[in-house]
Amino acid sequence: MDRRFVLVTGKGGVGKSTVTALLAAASAAAGRRTLVCELNTQERIPGLFGRAPSGPRVTSIAENLWSVNIEPAAALEEYALMKLRFKAVYSLVFENPLVQRFVGMVPGMNDLLLLGKAFNHERERVPPGDDRGRLAWDCVIIDAPATGHGVTFFRLPKVILEHVPVGNMHDEAKGMWDLLTDPARTAVHLVTLPEELPVQETLELHATLSTQLGMPMGALWLNQVPPTWGTAETRAAAAALPRPAEGTALSAAWTVAQIRRQREAQATRYAAQLASLGMPMRHLPVMYRRDFDHGVLMELLAAARTQGTP
Amino acid sequence: MTIALTPIQQMVREARLIVTAGTGGVGKTTTAAALALQGALAGRRTAVLTIDPARRLANALGLDAFMGRAQKVPTALFTAAGLAPPAELSAMMLDMRATADEMVRRYAPNAEAAARIVSNPYYQAFSTSLAGTQEYMAVEQVADLLESGEFDLVVLDTPPATHALDFLDAPERLLNALDNRAINWLYRPKEATTRDPGYGARLLGKGRQMVFKSLNKFTGGPFFEDLATFLQAFSSLFEAFRVSSRAVQALLRAESTQFLVVTAPYPATVREAINFRAQLVERGFPFGGFICNRVHLPMTPTTAAELRPALVAAGVASGLVPPLAEDLAGLVGDHDRMADRDALSLADLAEVAGPALQVVPLLPEDVHDLRGLVQVGDWLLGRRGAG
């Protein structure tokens with residue numbers, strides 16, 4: 001949790017936003033000025049802190065905690081103005097519909113703008129633009145795109161470095177790549193579920209990000225782990241129950257216990273497989289609640305804390 | 001006596017193309033495979049086109065590599081599962097990396113042009129992320145399968161989409177994106193610049209130079225220029241592509257096509273599914289129904305007091321009866337809370353879809369064999385259910 005540039009990724013639907021919110025809450029609680037970046041999505045994070053979506057403006061959502069939804073068009077304008085200096089030149093160039101169309105067709109352009117903006121938040125100073133000012137954020141946490149798409153996303157600066165030998169774009173990409181591969185500043189957290197496909201994708205993702213691209217890894221979050229229940233004796237006795245007749249008082253309990261047992265066995269199997277990655281692992285239990293709100297998030301954070309610093 | 005068919009039963013008997021769509025992690029691929037198996041069991045020659053299935057599911061269908069064509073599921077696998085479908089089931093995996101290459105090969109004017117594009121470093125860097133190529137090729141493969149006359153039913157499993165309509169918009173976006181006008185205006189091909197452009201064009205040319213310079217200043221190098229050269233080469237494919245894209249769009253909107261929106265009973269996921277359906281309908285795609293996977297079905301509430309005599313009767317040691325009854329009642333309570341949540345989600349879906357909603361319960365384990373697929377299929381076709 002000492003790293004200041006934190007990326008959270010994994011397959012779609014595994015709980016990336018939940019883990020992002022959890023890391024953000026932990027960082028803010030430790031007294032660090034923390035900024036959470038969502039990348040051009042339907043925002044999930046502010047809702048988990050009981051707030052309305054932040055939109056493209058950095059907005060306070062809790063003590064020591066701010067959030068923003070980075071949008072490519074706004075990021076492009078900001079960046080282009082920085083480089084071209086004059087609004088009139090910007091308008092002439094980037095408000096030209098043919099240029100917009102061209103920029104829109106450059107593969108990876110949107111992702112590059114999103115990543116670039118997050119990168120700028122990491123090095124943002126107070127007062128703005130003063131290189132001797134203090135860093136604006138102690139920690140920038142990014143809810144990164146889902147796997148597949150995510151790998152392309154992380155690889156972008158490297159692709160640019162390889163294809164653009166000199167100039168602004170090269171320098172920017174170099175700065176981003178240095179940050180992404182700096183173990184002192186950056187940590188990539190992986191989120192997954194104890195199910196076949198997410199686990200398979202996590203193993204592949206780790207091979208690409210860590211082994212191939214050399215990015216520094218944070219923790220591996222295994223989400224939706226069925227929590228243990230009862231005592232060794234009651235669990236053994238439940239497992240030994242003969243199948244009751246349908247519709248009897250015991251049949252519902254027997255079925256539910258059986259589903260739980262099989263899901264637990266499956267989770268244990270996949271946890272063992274993931275342990276081979278050698279990443280610190282955090283288990284997040286299934287929360288048997290109707291609503292997923294801030295209270296549930298705090299309970300999950302407490303569960304994570306029992307396993308080490310989030 | 002005639003028994004009314006559920007929308008999905010009817011679909012499996014009559015549709016030519018079923019598309020399963022939805023966000024990631026909701027069981028789309030399993031649903032697609034289970035429906036295809038039901039098609040074959042109903043006597044229709046069926047193919048399922050899946051994208052990146054779980055390895056064990058692929059093995060269950062006898063797929064062990066990206067073959068780039070439909071492979072018949074071996075009879076031995078059916079026999080081993082105690083099944084004897086009257087029609088053949090084929091499966092095909094789409095290799096996301098190969099699709100862009102395939103598209104270039106298919107539409108390039110000649111092999112030389114194709115080789116030039118494929119060897120371009122920008123192409124190599126971006127081929128898997130060129131907006132929409134993969135989605136487009138998936139639909140194109142379906143068109144090929146249907147036209148071959150070898151199949152009565154094709155089930156298409158779509159890639160997970162955060163923005164649900166990415167998949168459907170992709171061909172259109174790709175066409176727009178590679179519209180030559182924008183590239184040619186900025187970075188004209190050499191032959192065009194040798195002709196006298198005329199006064200108006202020269203004036204335009206001044207603006208272009210200004211834009212051009214600023215863009216280079218922005219990137220600090222000829223990045224955009226190099227990229228434009230590549231995009232120009234790539235866009236040479238697009239006349240042929242445009243024609244075939246229209247045919248594909250027509251196929252997706254045909255009466256014999258049905259879209260199933262696959263979802264899970266989590267509130268945010270259900271909202272996305274309902275939104276997806278609205279967008280489908282708005283754009284004239286035939287919506288066939290919702291499939292809601294991973295549902296906690298309601299169980300008869302059970303108290304520890306009710307469980308105790310049953311546990312005694314089942315021969316549990318008397319000292320263990322009270323704590324076991326407590327624990328089991330707790331588990332049923334956990335389940336019931338989730339069942340309540342899921343019921344609210346299902347009510348939201350039913351309000352939109354009416355009877356075109358099929359529930360598949362949370363299963364004890366991932367589905368990874370034909371028997372498991374048959375079970376899922378039974379739920380999908382409403383042969384099993386809570387009532």
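Refer to the structure above for everything that follows.
Parameters at a glance
Residues numbered from 1 in each chain as written. Chains lettered and ligands numbered in written order. Predicted model: local features only at pLDDT ≥ 70, side-chain atom pairs only at ≥ 80, totals over all residues. Heavy atoms only, no water. Helix = DSSP H or I, 4+ residues; strand = E, 2+ residues; numbered from the N terminus. Contact = heavy atoms within 4.5 Å. Expected span 1.5 Å × (residues − 1). Polar contact = N/O pair within 3.5 Å; in protein donor to acceptor, adjacent residues only side chain to side chain. Buried < 20%, exposed > 50% of the residue type's maximum accessible area, 1.4 Å probe, protein only. Arc of directions from axis to C-beta. Pairing = 2+ DSSP bridges. Axes fitted to C-alpha atoms, helices over the stretch in contact; angles between N-to-C directions. Core = buried A, V, L, I, M, F, W, Y, C linked by side-chain atoms within 4.5 Å. Salt bridge = Lys/Arg side-chain N within 4 Å of Asp/Glu carboxyl O. Phe/Tyr/Trp six-rings, centres within 6.5 Å; stacked < 30°, edge-to-face > 60°. Lys NZ or Arg CZ within 6 Å of the ring centre and 35° of its normal.

Asks: Please clarify how the environment of His296(B) should be interpreted in this entry.
Replies: Examined against the element boundaries, His296(B) turns out to sit in the loop between β7 (287–295) and α16 (304–313). Sequence-distant contacts of His296(B), defined by excluding residues within four places in its chain, comprise His335(B), Met338(B), Ala339(B), Arg341(B), Asp342(B) and Leu362(B).

Asks: Is there a simple way to think about helix α12 (residues 294–305) of chain A in this case?
Replies: Each full turn of the α-helix corresponds to 3.6 residues, which orients residues three or four apart in the same direction. All names here are of chain A. Relative to the 16 Å expected for twelve residues at 1.5 Å per residue, α12 spans 16 Å between its end C-alpha atoms, a close match to the ideal helical length. Those residues of α12 hidden inside the fold are in contact with α1 (16–29), α2 (45–48), β9 (217–225) and β10 (281–285). The N-terminus of α12 is capped by Asp293, whose side-chain oxygen sits 3.2 Å from the backbone nitrogen of Gly295.

Asks: Just to check I follow, could you spell out helix α10 (residues 232–240) of chain A for this structure?
Replies: Those residues of α10(A) that fall on the buried side of the exposure criterion are Thr234(A), Ala237(A) and Ala238(A). When α10(A) is viewed along its axis, its buried side chains cluster within an angular range of 100° and face the same direction. Residues of α10(A) that are exposed and angled more than 90 degrees away from the buried face: Ala232(A) and Ala240(A). In this structure, the buried residues of α10(A) make contact with α11 (249–275) of chain A together with α17 (321–353) of chain B.

Asks: Help me understand the sheet that holds strand β1 (residues 17–21) of chain B, please; the structure alone is not making it clear to me.
Replies: All names here are of chain B. Strand order in the open sheet made by the eight strands is β3-β4-β2-β5-β1-β6-β7-β8, with mixed pairing throughout. Two strands lie at the open edges of the sheet, namely β3 (71–72) and β8 (357–361), each paired on one side alone. Sheet analysis places strand β2 (residues 46–51) next to strand β5 (residues 153–157), joined by four bridges and oriented parallel. The residue of β5 that forms the bridge with Ala47 is Val154. Those strands touched by helix α2 (residues 28–41) are β1, β2, β4 (89–94), β5, β6 (257–263) and β7, and its axis lies near 170° from that of β2. Each of β7 and β8 touches helix α18 (residues 370–380); the most contacted strand, β8, lies at about 145° to it.

Asks: What am I meant to see in the nonpolar core here?
Replies: Inside soluble globular proteins, nonpolar side chains tend to come together where they are buried. Residues and elements named next belong to chain A. Judged by nonpolar contacts, the single largest core of 62 residues is most densely connected at Cys37, Ile70, Phe94, Ile142, Leu190 and Leu209. Here this core gets seven residues from one element, more than from any other, and that element is helix α6 (residues 109–123). The contacts of Ile142, once residues within four sequence positions are left out, are Phe5, Val6, Leu7, Val8, Cys37, Leu39 and Ala118.

Asks: I tried to follow the pattern of salt bridges on my own but got confused; where do I start?
Replies: Should their charged atoms come close, side chains of opposite charge can pair. Under the definition given, this model contains 17 salt bridges over all chains. Across the salt bridge formed by Arg132(A) and Asp130(A), the nearest N and O atoms sit 3.9 Å from each other.

Asks: Before we go on, may I ask you to explain the packing of aromatic side chains in this structure?
Replies: Evaluated as defined, the whole model comprises three aromatic pairs over all chains. For the ring pair Phe287(B) and Phe290(B), a centre distance of 5.1 Å and an interplane angle of 65° mean the geometry is edge-to-face. Each member of the pair, Phe287(B) as well as Phe290(B), carries the same accessibility label: buried. Across the ring face of Tyr270(A), the terminal group of Arg269(A) is positioned such that the distance to the ring centre comes to 5.5 Å. The aromatic ring of Phe287(B) is capped on one face by Arg277(B), whose charged end is 5.0 Å from the ring centroid.

Asks: Whenever I open this one, the pairing of strand β4 (residues 65–70) of chain A confuses me. Can you help?
Replies: For a regular strand, side-chain orientation follows a simple rule: the groups alternate between the two sheet faces. Residues and elements named next belong to chain A. Of all the six residues making up β4, six are buried; the element is thus mostly covered by neighbouring parts of the structure. Side chains of β4 alternate between two faces, with Leu65, Ser67 and Asn69 and Trp66, Val68 and Ile70 buried alike. For strand β3 (residues 59–62) and β4, the ladder comprises three bridges, and the chain directions are antiparallel. Residue pairing across strands places Thr59 opposite Ser67, the latter belonging to β4. Between the antiparallel neighbours β3 and β4 lie two residues, among them Asn64 with a positive phi of about 65°.

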